[in-house]
There are 2 protein chains.
Amino acid sequence: MLSKNQIKLIRSLQQKKCRDLHGMFLVEGIKIVQEAIDSDFEIHSVYSTDCSKFIPILLGQNSKFEISGISEKELEHISGLKTPNETLAVVRQKKQELPDFSTLKNRLTLVLDGISDPGNLGTIIRTADWFGIENIICSENSVDLYNPKVVQATMGSVFRVSVHYVNLVDWLKTNSVSKTASVYVYACTLKGKSIYEQAITKKGLVILGSESHGISKDVLTLADYQISIPSFGKAESLNIAVAAGVVCGEFKRS
Amino acid sequence: MLSKNQIKLIRSLQQKKCRDLHGMFLVEGIKIVQEAIDSDFEIHSVYSTDCSKFIPILLGQNSKFEISGISEKELEHISGLKTPNETLAVVRQKKQELPDFSTLKNRLTLVLDGISDPGNLGTIIRTADWFGIENIICSENSVDLYNPKVVQATMGSVFRVSVHYVNLVDWLKTNSVSKTASVYVYACTLKGKSIYEQAITKKGLVILGSESHGISKDVLTLADYQISIPSFGKAESLNIAVAAGVVCGEFKRS
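For clarity, every value in this text was computed on a predicted model and none was experimentally measured.

Draft legend 1. Broad picture of the overall build of chain A. Along the backbone of chain A there are 10 helices and 10 strands. In terms of C-alpha radius of gyration, chain A reaches 20 Å, essentially the compact-globule figure of 18 Å for 254 residues. C-alpha atoms of chain A, sized along the principal axes, occupy 60 × 40 × 35 Å. Buried residues in chain A amount to 55% of all 254 residues. For chain A, the proportion of contacts with a sequence separation of at least 24, taken over those separated by at least 6, is 75%.

Draft legend 2. Expanded view of the pairing of strand β2 (residues 43-48) of chain A. All names here are of chain A. Of all the six residues making up β2, five are buried; the element is thus mostly covered by neighbouring parts of the structure. In this structure, β2 lies alongside strand β4 (residues 87-92), joined through five bridges in antiparallel fashion. When the sheet's bridge partners are listed, S48 is paired in β4 with T87. Here four bridges tie β2 to strand β3 (residues 66-69), and the two strands are oriented parallel to one another. The residue of β3 that forms the bridge with V46 is I67.

Draft legend 3. Representation of the sheet that holds β4 of chain A in the model. Residue and element names in this part refer to chain A. Reading across the sheet, the four strands line up as β1-β4-β2-β3 and stay open at both edges, with mixed pairing between neighbours. Two strands in the sheet have a free side with no partner beyond their single neighbour: β1 (24-28) and β3. Sheet twist, expressed as the average angle between the axes of neighbouring strands with direction ignored, equals 15°. Contacting β1, β2, β3 and β4, helix α1 (residues 4-12) runs over the sheet at an angle of about 105° to β2. In this fold helix α3 (residues 30-38) packs onto β1, β2 and β4, with an angle of close to 30° to the strand it touches most, β4.

Draft legend 4. The pairing of strand β4 (residues 87-92) of chain B, seen in detail. Residue and element names in this part refer to chain B. With respect to burial, β4 is a largely interior element, five of its six residues being buried. Of the strand pairs in this sheet, strand β1 (residues 24-28) and β4 are connected by five bridges, and their pairing is antiparallel. Of the residues in β4, the one forming a bridge with M24 is R92.

Draft legend 5. Quick look at the nonpolar core. Residues I136 of chain A together with I136 of chain B are the most contacted members of the largest nonpolar core, which totals 113 residues. Contact partners of I136 of chain A, with chain neighbours within four places excluded, come to L110, L112, I124, I125, A128, V161, S162, V163 and H164 of chain A.

Draft legend 6. Layout of the relation of the copies chain B and chain A. Superposing chain B onto chain A takes a rotation of 180° plus a shift of 0.0 Å along the axis, which leaves an RMSD of 0.0 Å. Here the copies are linked by what is in effect a two-fold axis. Looking at chain B, 100% of its interface residues are interface residues in chain A too, so the copies touch through the same face.

Draft legend 7. Structural view of the environment of F54 of chain B. Residues and elements named next belong to chain B. Examined against the element boundaries, F54 turns out to sit in the loop between β2 (43-48) and α4 (55-60). Its relative accessible area of 0% is what places F54 among the buried residues. It is 9.2 Å that separates the C-alpha atoms of F54 and Q34, two residues lying 20 residues apart in sequence. Non-local contacts of F54, meaning those with residues more than four positions away in its chain, are made with I30, V33, Q34, I37, V46, S48, I67 and T87.

Draft legend 8. Expanded view of the packing of helix α10 (residues 240-252) of chain A against helix α10 (residues 240-252) of chain B. The N-to-C vectors of α10 of chain A and α10 of chain B enclose an angle of 45°; their axes lie 8 Å apart at closest approach. Comparing the axis directions of α10 of chain A and α10 of chain B gives the class oblique. In terms of crossing hand, the pair formed by α10 of chain A and α10 of chain B is right-handed. Where α10 of chain A abuts α10 of chain B, its residues A241, V242, G245, V246 and G249 of chain A lie against A241, V242, G245, V246 and G249 of chain B. Residue composition of the contact of α10 of chain A with α10 of chain B, by class: six nonpolar, four polar and no charged.

Draft legend 9. How the structure looks around the interface of chain B and chain A. With 33 residues of chain B in contact, the opposing surface of chain A contributes 33 residues. Of the roughly 3000 Å² buried where chain B meets chain A, counting both sides, 59% is carbon and sulfur surface. Viewed at the interface, chain A and chain B are joined by four salt bridges. Summed over the shared surface of chain B and chain A, the result is 20 residue pairs in polar contact (both at pLDDT 80 or more). Of all elements in the fold, only α6 (118-130) and α10 of chain B reach the threshold of two or more residues within the side of chain B that touches chain A. For the side of chain B that touches chain A, the element with the highest residue contribution is α10 of chain B, accounting for seven residues. In terms of residue class, the side of chain B that touches chain A is built from 12 nonpolar, 10 polar and 11 charged.

Criteria and thresholds
Residues numbered from 1 in each chain as written. Chains lettered and ligands numbered in written order. Predicted model: local features only at pLDDT ≥ 70, side-chain atom pairs only at ≥ 80, totals over all residues. Heavy atoms only, no water. Helix = DSSP H or I, 4+ residues; strand = E, 2+ residues; numbered from the N terminus. Rg over C-alpha atoms; globule rule 2.2 N^0.38 Å. Buried < 20%, exposed > 50% of the residue type's maximum accessible area, 1.4 Å probe, protein only. Contact = heavy atoms within 4.5 Å. Pairing = 2+ DSSP bridges. Axes fitted to C-alpha atoms, helices over the stretch in contact; angles between N-to-C directions. Core = buried A, V, L, I, M, F, W, Y, C linked by side-chain atoms within 4.5 Å. Least-squares fit on C-alpha atoms with pLDDT ≥ 70 in both. Parallel < 35°, antiparallel > 145°, perpendicular 65-115°, else oblique. Left-handed = near helix turned anticlockwise from the far one by under 90°. Nonpolar A, V, L, I, M, F, W, Y, C, P; charged D, E, K, R; others polar. Buried area = accessible area lost by both parts, 1.4 Å probe. Salt bridge = Lys/Arg side-chain N within 4 Å of Asp/Glu carboxyl O. Polar contact = N/O pair within 3.5 Å; in protein donor to acceptor, adjacent residues only side chain to side chain.

Right, here's the structure in full:
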């Protein structure tokens, strides 16, 4: 039986200010909860309609967190999903250290300027994980990483890819413009050189802009190259997560 | 002022059986409604909180459909969106003729086996439009093209890409296996040859499977090649619309 305080805490984590206050976030579904447990994130508590799944953990007595059996009705009450999926976990947020800029020259890093749709951010994180990208740098006005819809759309990749929020203009200006770091900065726009033609280094920063406004002017001027995915039809644009996938595929092409 | 019958019709179109019965579907938002009007789909009626946008059509008197001014409150009442967007249209479904199989050898065509998420289907249609793909062939158990969430996610591409529903096994068996048509059939799986290595013809059919079960066994056996997007990280899979984008990008690469 869930206590009033447990219910209050869990339900409050749908809101950013409460997630920030408690330093926690929600994860739903047996598969992604299992990924949370196996990750280096710290688990606060797990609630499940089928606790038998957690017997190995309970037997091993190596769990530092609480596991509570709950009814379907209780799960419905605390879940943010239309169709709750057996298990829900409260996980502690992790402080991610911003990587030293000079180390970014040897790897591919995504930079997101104002992504607002949680599903898109989550799918981009999942895509980054697929392509072995370790870091994503987001502008401060991007949607919150710990928004439940972001977390669900990552399908567990939230526990493997580091996502950082910075003032993009300051961060790029301070680090990149000096050029001592020699990290190439590519901006994906609708008017750049074709990704199939632009000589790309396969490494560096790739900036993707917001769904409705693209990359902000101040950020765009700090890029070395503008690149585009060639269009063969009449759609005005690609979904931003699809665009991220196509660009990553091209950068990772051997 | 909306009549009860108008409200009843519009609201009923959220359900597939009513869409099928009336042969109509919903489109929301001024931009996509404008695309509907400019397309060769037949418009049944338009409802808007700002009819001034339609003055050119009204003045031209060339509209064969009804345009009604409605209040914000009325729009909220008939809209399926959380945040209704000024204009809503009822559009007649269009019978799309299945292209002759032999004509598919000279172009790229997507084949979807059991896609169930409306956002994914819509995003795939948008992606296909970007890459100049004219036809998408769906298995009969795929989500309905005219589901409002599919239509919205296409961002207008629903009016340009033809989407057909067939019994995939029968359709492939009848047409492809004979090989007289010489249309190459590629199946995207997690265990195929890298899309960067497999010699691809740039044309033919590319099959993508459902979000949870992949391509069904019966369909898979009818493919000529299995291809995969190489993974460089730890994500179990890519989102299906992202995968479609990466594969289309590779097939369209010159």
